[in-house]
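For reference, the chains in residue letters:
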Amino acid sequence: MAMFWNSTRIIAFGLAMSFSGGAFALETFTLENLQIDGKDAKTIIPRADFVDTNLSRDEANKLFTASQDRDAVAALLEKLEARRIAIPEIRIDAKAGKATVRGIEATDLKGGRFAKIQIAGVDGSFSTEGVSGGVLKVGALLLEDGEYAKALGALRTGDATKFMWRIGKIDFAGFEISVPDKDMKADAPGGNLYTIRLASVTSRNTYQGDLPLKGVFDLKNLTITPPAASKMGQDLLAFGYPKLDVSLNASGMYDPAKKTFALDDFTLSGVDAGSLAFKGLFASVEPESMRGGGPSQMPALMRSEVANLTIRFANSGLVEKAIAFYGKMQNRTPEQVKREFASMVTSMAPMMLGPDPAVQKIANAVADFVRDPKSIIVSLAAKGAPVKLEDLTKLRDPSEFLAKVNVDAAANR
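A few points on the structure. (Residues numbered from 1 in each chain as written. Predicted model: local features only at pLDDT ≥ 70, side-chain atom pairs only at ≥ 80, totals over all residues. Heavy atoms only, no water.)

To continue, consider the overall build of the protein. Looking only at helices and strands, the protein features 12 helices and 18 strands. Over its C-alpha atoms, taken along the principal directions, the protein stretches across nearly 75 × 60 × 30 Å. For the protein, the proportion of its 413 residues judged to be buried stands at 39%. Of the roughly 21400 Å² that the protein leaves accessible, carbon and sulfur atoms contribute 58%. Positive and negative charge centroids in the protein, built from 51 and 49 side chains respectively, lie 2 Å apart. (Helix = DSSP H or I, 4+ residues; strand = E, 2+ residues; numbered from the N terminus. Buried < 20%, exposed > 50% of the residue type's maximum accessible area, 1.4 Å probe, protein only. Areas by Shrake-Rupley, 256 points an atom, 1.4 Å probe, with all protein chains shown as cover. Lys, Arg positive; Asp, Glu negative; His and termini not counted. Charge placed at Lys NZ, Arg CZ, Asp CG, Glu CD.)

Taken as a whole, the second largest pocket encloses approximately 850 Å³ of empty space. Lining the second largest pocket are 35 residues, and of these Pro 212, Phe 261, Ser 289, Met 290 and Gln 297 sit closest to its centre. Counting residues per element, the ones that place at least two in the lining of the second largest pocket are β10 (193-208), β11 (211-225), β12 (244-255), β13 (260-270), β14 (274-283), α6 (287-290) and α7 (297-302). Of the residues forming the lining of the second largest pocket, the biggest block, six residues, is contributed by β11. The residue makeup of the lining of the second largest pocket, split by class, is 19 nonpolar, 10 polar and six charged. (1 Å grid on protein atoms, 1.4 Å probe; cavity = no way out; pocket = protein on both sides within 12 Å on 5 of 7 lines; lining within 4 Å. Points joined across faces, edges and corners; volume = space filled by probe spheres on them. Nonpolar A, V, L, I, M, F, W, Y, C, P; charged D, E, K, R; others polar.)

Further remarks concern the packing of aromatic side chains. Counting across every chain of the model gives six aromatic pairs. Here Phe 239 and Tyr 241 contribute two aromatic rings whose centre-to-centre distance is 6.2 Å and whose plane-to-plane angle is 20°, an arrangement assigned as stacked. The buried category is assigned to Tyr 241, whose relative accessible area is 9%. Every member of this aromatic cluster is reached through a ring pair, and the members are Phe 239, Tyr 241 and Phe 325. Over the ring of Tyr 207 we find Arg 166; its NZ or CZ atom is 4.6 Å from the centre of that ring. The cationic tip of Lys 321 hangs over the ring face of Tyr 241; the distance from NZ or CZ to the ring centre is 5.0 Å. (Phe/Tyr/Trp six-rings, centres within 6.5 Å; stacked < 30°, edge-to-face > 60°. Lys NZ or Arg CZ within 6 Å of the ring centre and 35° of its normal.)

The next subject is the pattern of salt bridges. The tally for this structure, following the rule as stated, stands at 24 salt bridges. In this structure, the salt-bridge partner of Arg 47 is Asp 49, at a minimum N-O distance of 3.0 Å. Classification of Asp 49 as buried rests on a relative accessible area of 12%. The structure contains a network of salt bridges with shared partners spanning Glu 144, Lys 169, Asp 171 and Arg 204. (Salt bridge = Lys/Arg side-chain N within 4 Å of Asp/Glu carboxyl O.)

Within the secondary structure, Gly 139 is located in the loop between β6 (131-138) and β7 (141-147). Separated by 60 residues in sequence, Gly 139 and Ala 199 place their C-alpha atoms 9.2 Å apart. Setting aside anything within four residues of it in sequence, one finds Gly 139 in contact with Ile 119, Ala 120, Gly 121, Phe 172, Ala 173, Gly 174 and Phe 175. (Contact = heavy atoms within 4.5 Å.)

Mapping Thr 195 onto the fold places it in strand β10. Given a relative accessible area of 12%, Thr 195 falls into the buried group. Not counting residues up to four positions away in its chain, the partners in contact with Thr 195 are Glu 176, Ile 177, Ser 178, Thr 223, Ile 224 and Thr 225.

Our focus in this paragraph is a nonpolar patch on the surface. A surface patch of nonpolar side chains, about 610 Å² in accessible area, is lined by Phe 341, Met 344, Met 348, Met 351, Met 352 and Leu 353. Mapped onto the secondary structure, Met 348 falls in helix α9 (residues 334-353). Judged by relative accessible area, Met 348 falls into the partly exposed class, the value being 32%. (Patch = residues over 30% accessible without salt bridge, like charges linked within 9 Å, V, L, I, M, F, W, Y side chains within 5 Å.)

Moving on: the packing of helix α2 (residues 57-65) against helix α3 (residues 70-79). In contact at an axis separation of 9 Å, α2 and α3 are set at 130° when each is read in the N-to-C sense. Between α2 and α3, the angle is such that the two are oblique. In terms of crossing hand, the pair formed by α2 and α3 is left-handed. From α2, Glu 59, Lys 62 and Leu 63 reach across to α3, where they touch Val 73, Leu 76, Leu 77 and Lys 79. Within the contact of α2 with α3, the residues separate by chemical class into four nonpolar, no polar and three charged. (Axes fitted to C-alpha atoms, helices over the stretch in contact; angles between N-to-C directions. Parallel < 35°, antiparallel > 145°, perpendicular 65-115°, else oblique. Left-handed = near helix turned anticlockwise from the far one by under 90°.)

Bringing the packing of α9 against helix α10 (residues 357-371) into the picture now. Orientation of α9 relative to α10, taken along the N-to-C sense of each, is 170°, at an axis distance of 9 Å. When the axes of α9 and α10 are compared, the pair comes out roughly antiparallel. Where α9 approaches α10, its residues Lys 338, Phe 341, Ala 342, Val 345, Thr 346, Ala 349, Pro 350 and Leu 353 are matched on the opposing element by Val 359, Gln 360, Ala 363, Asn 364, Val 366, Ala 367, Val 370 and Arg 371. Classifying every residue of the contact of α9 with α10 by side-chain character gives 11 nonpolar, three polar and two charged.

Moving on: the environment of Arg 57. With respect to the helices and strands, the residue Arg 57 is situated in helix α2. Here Arg 57 falls in the partly exposed class, since its relative accessible area comes to 45%. As for Arg 57 and Glu 27, which are separated by 30 residues in sequence, their C-alpha atoms are 8.3 Å apart. Sequence-distant contacts of Arg 57, that is, excluding residues within four places in its chain, are made with Phe 29, Thr 30 and Leu 31. Reaching out from Arg 57, the side chain makes a polar contact with the backbone oxygen of Thr 30 at a distance of 2.9 Å. (Polar contact = N/O pair within 3.5 Å; in protein donor to acceptor, adjacent residues only side chain to side chain.)

Everything listed here is a matter of geometry and, on its own, says nothing about what the molecule does.
Next comes the structure, spelled out in structure tokens:
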């Protein structure tokens, strides 16, 4: 698998070299038969068209040939202006496999920004741990209203913590990867391939300069299908799932004047399983914590405060499958498991978490949910002033947490 990811980094590098960095007369030209020789791979670019660019032919050529000189490449990317850059095809031939990137086009590049970047798709094959048969198919990708200027610091230093990228719109048609299991034969019942698919990703973001104000993210149907005869395949099937299938939706809004962030929705859902949703309000949110990729982001984020947070789980099959699985191992019927677990929660929770009335309320809600698993909701609200995230990480026991936060819980509402 490591060899495969090396190949994908080569693809990403080839793309970065084509979206690059003026001030004089604009030129239009075509570069042909470009080749980048790496340690484990060779990248061939038959044609690259530059339309109305401030780079000279020689400078454009250096974007591909000066790949080991990070400062030189970063300077050219910084300088670059172009109405359009088009690369019909990039071919990568690596020890781990081969890949072809098709239909790359970038428009209106200037000042470290671009109007649009498109990639028609990627097809490839690879081996992992000496086993061939891996297949990669990537769908169309569209990026709009983007900025890469601040990512150049990461390119210059090789320090990924300095990577910062801004994109207003993302439309991605997903991918499919088939990875061979080295411990299984190709003719095993059901084959020997782990198949990972992603249906689509969309994202819409609004910015004030480089500060994100509003964002919506939607990831649909990330599925993992193991070989039927593999241990993972057998374990999943025993639990009641032939594959894993999850989706993610998120949206939120930042108010820089009030320094608040409203998490409107963060929902992870699984097919025939259920959904886990978060909603909340955060205070004292510094702008630096909203700017992704910088080394100061996490410390700033930990200084943010939690005003309130709601967590809701809606069941659509996961709980029943878990109860049946556990009951089979313990030679218990599902009804016996429900009764035993509900009784254990209501009796043991106060002993383990303390006598606070909120503990009993949570225990009762969990017990009601287990008896009739439809949904459960837990609401947290700061007592008085919002609570810093870093303070929450320092709490030593539940009583300290409950001294700062009001907790409410209910089942099947």
